[in-house]
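Understanding the architecture of this molecule
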Amino acid sequence: MPDRRTADPNELRRRAEAITWFHSIDLGAGVVTRGTSTTQMRDELFPAVTARSVLDIGAWDGYYSFMAERRGAREVVALDHYVWGVDFGARDAYWTACFAQGTLPDQGRDLTDFWRPELPGRRGMELAIEALDSKVQPRLADFATTDLNTLGLFDVVLYLGVLYHMKEPLTCLERVRAVTGEVAVIETQALHVQGLEHERMLQFYAGGEVNNDFGNWYVPTETALHSLCRAAGFSSVKTVLGPPAIPTAGAPSVRSRVLHRLGLRDTSESTSPASALYRLMVHAYA
């Protein structure tokens, strides 16, 4: 098979810089993409994938897909839909107008007015596959609605940064369980409330209060996520990245004051001196 890797480092850098990246990916030849994500998880938090099949749901640029391949997975399918096809510039302009007016957006427009069939958001993964001479298989599908029989069963399923975007979290976890042969790695925005650590709670957001994103809906506590996974059919659940220390209360940030003037509450870091949002990761075993 011919080597598909881009040979000229300057050309690779030029092509990479023409793309807006979510993940920071080492493409080789000294080129690392300038990703906007600040939540890339450490490799040691993931189960062994050597000689296993891996499904990466919500893969975006494919950082974790390529990580799985690099660690010896025999097959990696990178599945995404929303972020590959939505014109984020147009969508964000609309959302900004909604924030200014104090209204909620019509999110049906995401897949109509703001949808681009040429899939501009997949350009990063396509370039990375070429540069890395990767065998990762990109697959366009909405995991919440696609026929799971067409996907099949995978030894390891990655469900990272997706759950809080889902309007029906239990239904989606049931679908994750249906394609999991051994273990699912589930990472999500989560809520920790001091003194209520063992309560099964979900906070609901509709106004873009979490990270200025109208597509963030439910944020679970650690115990709630464990319960959701068990209800979805997983036999056991283990936390591999849990809550941090509760931050102390301080003066409101500029961000908080701006959101307050818009009639919104800033929950990106803390909801009160006794609670905090953080990134939670569990392994849910079939």
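Above this text is the structure in question.
Now for a look at the structure at hand.

Regarding the packing of aromatic side chains
Counted according to the given criterion, the structure contains 11 aromatic pairs. Where Phe46 meets Tyr64, the ring centres are 5.4 Å apart and the plane angle is 35 degrees; that geometry is what we call tilted. Residue Phe46 is found in the loop between strand 2 (31–32) and strand 3 (53–57), and its partner Tyr64 is found in helix 2 (residues 63–70); the two are separated by 18 residues along the sequence. Residue class for Phe46 comes out buried when judged on its relative accessible area of 7%. According to the relative accessible area criterion, Tyr64 is buried, its value standing at 7%. Ring geometry for Trp95 versus Phe214: centroids 5.4 Å apart, planes at 85 degrees, classification edge-to-face. Highlighted residues: Trp95 in helix 4 (residues 88–101) and Phe214 in the loop between strand 8 (202–204) and strand 9 (218–220), separated in sequence by 119 residues. Relative accessible area serves as the criterion here: at 4%, Trp95 is assigned to the buried category. Through a chain of ring-to-ring contacts, the aromatic side chains of Phe22, Trp60, Tyr82 and Phe88 assemble into a single cluster. Here Arg175 stacks its cationic end above the ring of Phe143, 5.6 Å away from the centre of that ring.

Brief notes about unusual backbone geometry
We note that Asp133 has phi near 50 degrees; this positive angle belongs to a residue other than glycine. On the basis of relative accessibility, which here comes to 23%, the residue Asp133 falls in the partly exposed class. Even without being a glycine, Asn211 presents a positive backbone phi close to 60 degrees. Looking at the secondary structure, you find Asn211 in the loop between strand 8 and strand 9.

A short note on the nonpolar core
In this structure, Leu27, Phe46, Val54, Tyr64 and Leu158 are the most contacted members of the largest nonpolar core, which totals 44 residues. Looking at this core, the elements that each hand over two or more residues are helix 1 (9–17), helix 2, strand 4 (75–80), helix 3 (82–85), helix 4, helix 5 (123–132), strand 6 (154–160) and strand 7 (180–193). Residues in contact with Tyr64, not counting those within four places in the same chain, are His23, Thr39, Gln40, Met41, Phe46, Asp56, Leu158 and Leu160. Listed in part, the 31 residues of the second largest apolar core include Val77, Val179, Leu228 and Val237.

Digging into helix 7 (residues 222–231)
Three or more residues of helix 7 are buried, namely Thr223, Ala224, Leu225, His226, Leu228 and Cys229. For helix 7, the secondary structure elements touched by its buried residues are helix 6 (169–178), strand 7, strand 8, strand 9, strand 10 (236–241) and strand 11 (275–285). Immediately downstream of helix 7, the backbone of Gly233 shows phi near 115 degrees, a positive value.

Some details on the pattern of salt bridges
One pass over the structure, following the stated rule, counts 12 salt bridges. Note that Glu17 is salt-bridged to Arg34, the shortest N-O span being 3.5 Å. Within this pair, whereas Glu17 is found in helix 1, its partner Arg34 is found in the loop between strand 2 and strand 3, the two being separated by 17 residues in sequence. Of the residues examined, Glu17 reaches a relative accessible area of 49% and is grouped as partly exposed. Residue class for Arg34 comes out exposed when judged on its relative accessible area of 67%. Among the salt bridges present, the one from Asp113 reaches Arg109, with a minimum N-O distance of 2.6 Å. According to the relative accessible area criterion, Arg109 is partly exposed, its value standing at 26%.

Observations concerning the sheet that holds strand 10
Taken in spatial order, the 7 strands make up an open sheet running 5-4-3-6-7-11-10, and their pairing is mixed. In the strand order of this sheet, the two ends are held by strand 5 (137–140) and strand 10, each with one partner. In this sheet, neighbouring strand axes are inclined to one another by 25 degrees on average, regardless of whether the strands run parallel or antiparallel. Across 5 bridges, the pairing between strand 3 and strand 4 is parallel. Across the sheet, Val54 pairs through a bridge with Val76, a residue of strand 4. Across the sheet, helix 2 is in contact with strand 3, strand 4 and strand 6; its angle to strand 4 comes to roughly 175 degrees.

Analysis parameters
Residues numbered from 1 in each chain as written. Predicted model: local features only at pLDDT ≥ 70, side-chain atom pairs only at ≥ 80, totals over all residues. Heavy atoms only, no water. Phe/Tyr/Trp six-rings, centres within 6.5 Å; stacked < 30°, edge-to-face > 60°. Helix = DSSP H or I, 4+ residues; strand = E, 2+ residues; numbered from the N terminus. Buried < 20%, exposed > 50% of the residue type's maximum accessible area, 1.4 Å probe, protein only. Lys NZ or Arg CZ within 6 Å of the ring centre and 35° of its normal. Core = buried A, V, L, I, M, F, W, Y, C linked by side-chain atoms within 4.5 Å. Contact = heavy atoms within 4.5 Å. Salt bridge = Lys/Arg side-chain N within 4 Å of Asp/Glu carboxyl O. Pairing = 2+ DSSP bridges. Axes fitted to C-alpha atoms, helices over the stretch in contact; angles between N-to-C directions.

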